[in-house]
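A closer look at the structure
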Amino acid sequence: MSISSDMDLMKESNRVMAILNFLRYLLIRDTPQDNQTGIWTTVGVVREKFTTPLRQLLMATKAHCRHELKVKQGKGVKGAGVRSEGGTEVTVEVMGEKLPDVMPEDEIEALQVAEQHLAMMESVLVRVEELMESTQSSLTTETRQ
């Protein structure tokens, strides 16, 4: 899976979590000495192409989510709660029927759920990074002795 700055992390969160959990499993079960899966020879590529870009995207998505939540709650964000008069009204129709507007409370709840999901993703990412780093540093120490 390629991580890019224009990726919608919330839409891809199930795939990302599956990959993170699989990586964590491999890093725990396959020791660097055995390296039966080859994961330890590709740690550098995994870090460069997946975990580092994911961390950057995760931080940006979390910041955006926090900002949107503050705007929706009207808490100290410049321009929060300001609505333009004569602005564009957006409606959604399904099979000719107009769907009801989303209540502000529902939008806030959705953003809070998104924040929790991002926190869980970050937790697994941190564990993967710890596993890669601790084993890499222990391997470096062993080769010096």
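Shown above is the structure to which this text applies.
Criteria and cut-off values
Residues numbered from 1 in each chain as written. Predicted model: local features only at pLDDT ≥ 70, side-chain atom pairs only at ≥ 80, totals over all residues. Heavy atoms only, no water. Helix = DSSP H or I, 4+ residues; strand = E, 2+ residues; numbered from the N terminus. Areas by Shrake-Rupley, 256 points an atom, 1.4 Å probe, with all protein chains shown as cover. Expected span 1.5 Å × (residues − 1). Buried < 20%, exposed > 50% of the residue type's maximum accessible area, 1.4 Å probe, protein only. Bend = angle between axes of the 7 residues up to and from the residue. Salt bridge = Lys/Arg side-chain N within 4 Å of Asp/Glu carboxyl O. Core = buried A, V, L, I, M, F, W, Y, C linked by side-chain atoms within 4.5 Å. Contact = heavy atoms within 4.5 Å.

A tally of helices and strands in the protein yields three helices and two strands. For the protein, the N- to C-terminal ordering of α and β elements is α-α-β-β-α. Accessible surface, the protein: about 10,300 Å² in total, of which carbon and sulfur atoms supply 51%.

We now examine helix α1 (residues 13–29). In this model α1 runs 24 Å from its N-terminal to its C-terminal C-alpha over 17 residues, within 8% of the 24 Å that 1.5 Å per residue would give. Of the residues making up α1, those classed as buried are S13, V16, M17, L20, L23, L26 and L27.

If you check helix α2 (residues 43–73), its first and last C-alpha atoms are 42 Å apart, about what 31 residues at 1.5 Å a residue would give, namely 45 Å. The largest bend along α2 reaches roughly 30° and is located at T51, with the proline P53 sitting one to four residues downstream. Buried within α2 we find V43, V46, F50, T51, P53, L54, L57, L58, T61, K62, C65 and L69. Residue G74 follows α2 closely and has a positive phi angle near 70°.

What follows covers the pattern of salt bridges. The full count for this structure, using the stated rule, is seven salt bridges. Between E12 and R15 there is a salt bridge whose closest N-O contact spans 3.2 Å. The exposure class of R15 is partly exposed, given its relative accessible area of 49%. A salt bridge links R55 to E122; its shortest N-O distance comes to 3.7 Å. With a gap of 67 residues between them, R55 in helix α2 and E122 in helix α3 (residues 104–144) connect regions that are remote in the sequence. Judged by its relative accessible area of 19%, E122 falls in the buried class.

A separate point is the nonpolar core. Ranked by internal contacts, the top residues of the largest apolar core, which has 29 residues, are L9, V16, L20, L27, I39, L54 and M121. Secondary structure elements with two or more residues in this core: α1, α2 and α3. A total of ten residues in this core trace back to one element, the largest contributor, which is α3. Non-local contacts of L9, meaning those with residues more than four positions away in its chain, are made with V16, L54, L57, L58, T61, L118 and M121.

What follows covers the environment of E130. By the element assignment, E130 lies in helix α3. With relative accessibility at 43%, the residue E130 sits in the partly exposed group. Between the alpha carbons of E130 and R24 there is a distance of 9.8 Å; along the sequence they are 106 residues apart.

Moving on, we come to the environment of C65. Examined against the element boundaries, C65 turns out to sit in helix α2. According to the relative accessible area criterion, C65 is buried, its value standing at 6%. Sequence separation between C65 and Q112 is 47 residues, and the spatial gap between their C-alpha atoms is 8.4 Å. Beyond its immediate stretch of four places on either side in the chain, C65 contacts L111, A114, E115 and L118.

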